[in-house]
Amino acid sequence: QQALDVLLSQEEQAYETYLQQASQPEAFKLIQNAHLRYRWQWQRARFLNKNGQPDQAIVFYEKTLATLEAIRPDLTKIYQNQPRSEIQAIIRPLVEELVELRLQRANSRGKGPEKHQELKRILEIIEQLKAEQLRDYFKQDCIEPTPEIGDIGKKTAVIYPIFLPNRVELFVNL
């Protein structure tokens with residue numbers, strides 16, 4: 001229990017201990033459970049971002065999303081009768097942090113295919129969040145993904161708002 005508390009702690013001193021333990025096999029055994037793993041991955045992403053390693057943080061944010069997708073049915077059951085849904089409690093803040101980092105990276109890339117790929121991934125992440133919100137609202141897993149923005153007619157402009165905690169980003173596809 002004490003090692004788990006260290007792994008999940010957000011205190012500065014605990015982060016250092018937690019990263020040291022995370023590299024040891026005993027600590028890894030504690031995070032074999034996916035419900036603990038996503039928390040560890042998310043904390044690791046936050047730590048890396050805070051310490052100026054955004055590319056590595058993005059990797060851990062992406063791993064966290066993948067872990068959450070694997071345990072989504074369990075989370076739906078856990079949060080089914082709660083006033084705050086799983087989206088509000090877990091997935092939305094995670095997605096907002098990841099999108100913020102990816103937007104920063106996209107803006108630093110200038111123009112070209114790398115920036116385009118980064119922006120495309122941001123839209124995929126936002127679409128994943130929207131699908132989760134619909135699943136949560138309807139309490140069903142039968143939500144189909146929407147078509148990619150590029151699949152819409154050639155003479156159609158698409159304005160795609162992305163709501164972040166402190167601002168709104170607009171993507172425009174012409």
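Below or above, wherever it landed, is the structure these notes cover. Everything quoted here is computed from the prediction, not taken from an experiment.

Here's the deal with the nonpolar core
- Grouped together as the largest cluster of nonpolar side chains are 31 residues, with contacts concentrated most on Y61, L68, V95, V99 and I162.
- Of all the secondary-structure elements, those providing two or more residues to this core are α4 (34-50), α5 (54-79), α6 (86-108), α7 (113-138) and β1 (158-164).
- In this structure, V95 is in contact with L65, I125, I126 and L129, ignoring residues within four places of it in sequence.

So, the side chain of Q41
- In this structure, Q41 sits in helix α4.
- At 2.7 Å, the side chain of Q41 and the side chain of T67 are in polar contact.
- Once residues within four sequence positions are removed from consideration, Q41 is found in contact with F60, K63, T64 and T67.

Section: the pattern of salt bridges
- The full count for this structure, using the stated rule, is 11 salt bridges.
- In this structure, R102 engages E62 in a salt bridge whose closest nitrogen and oxygen atoms are separated by 2.9 Å. On the criterion of sequence distance, the pair formed by R102 in helix α6 and E62 in helix α5 is long-range, its members being 40 residues apart.
- Between R167 and E169 there is a salt bridge, and its shortest N-O distance comes to 2.6 Å.
- Ionic contacts of the salt-bridge type, sharing partners, join the residues D55, E62, R102, R105, E118, R121 and E124 into one network.

Here's the deal with the pairing of strand β2 (residues 167-173)
- Pairing of β1 with β2 involves seven bridges; the strand directions are antiparallel. By the bridge assignment for β2, I162 is matched with E169.
- Counting the residues between successive antiparallel strands, the hairpin from β1 to β2 contains two residues.

Rules behind the numbers
Residues numbered from 1 in each chain as written. Predicted model: local features only at pLDDT ≥ 70, side-chain atom pairs only at ≥ 80, totals over all residues. Heavy atoms only, no water. Core = buried A, V, L, I, M, F, W, Y, C linked by side-chain atoms within 4.5 Å. Buried < 20%, exposed > 50% of the residue type's maximum accessible area, 1.4 Å probe, protein only. Helix = DSSP H or I, 4+ residues; strand = E, 2+ residues; numbered from the N terminus. Contact = heavy atoms within 4.5 Å. Polar contact = N/O pair within 3.5 Å; in protein donor to acceptor, adjacent residues only side chain to side chain. Salt bridge = Lys/Arg side-chain N within 4 Å of Asp/Glu carboxyl O. Pairing = 2+ DSSP bridges.

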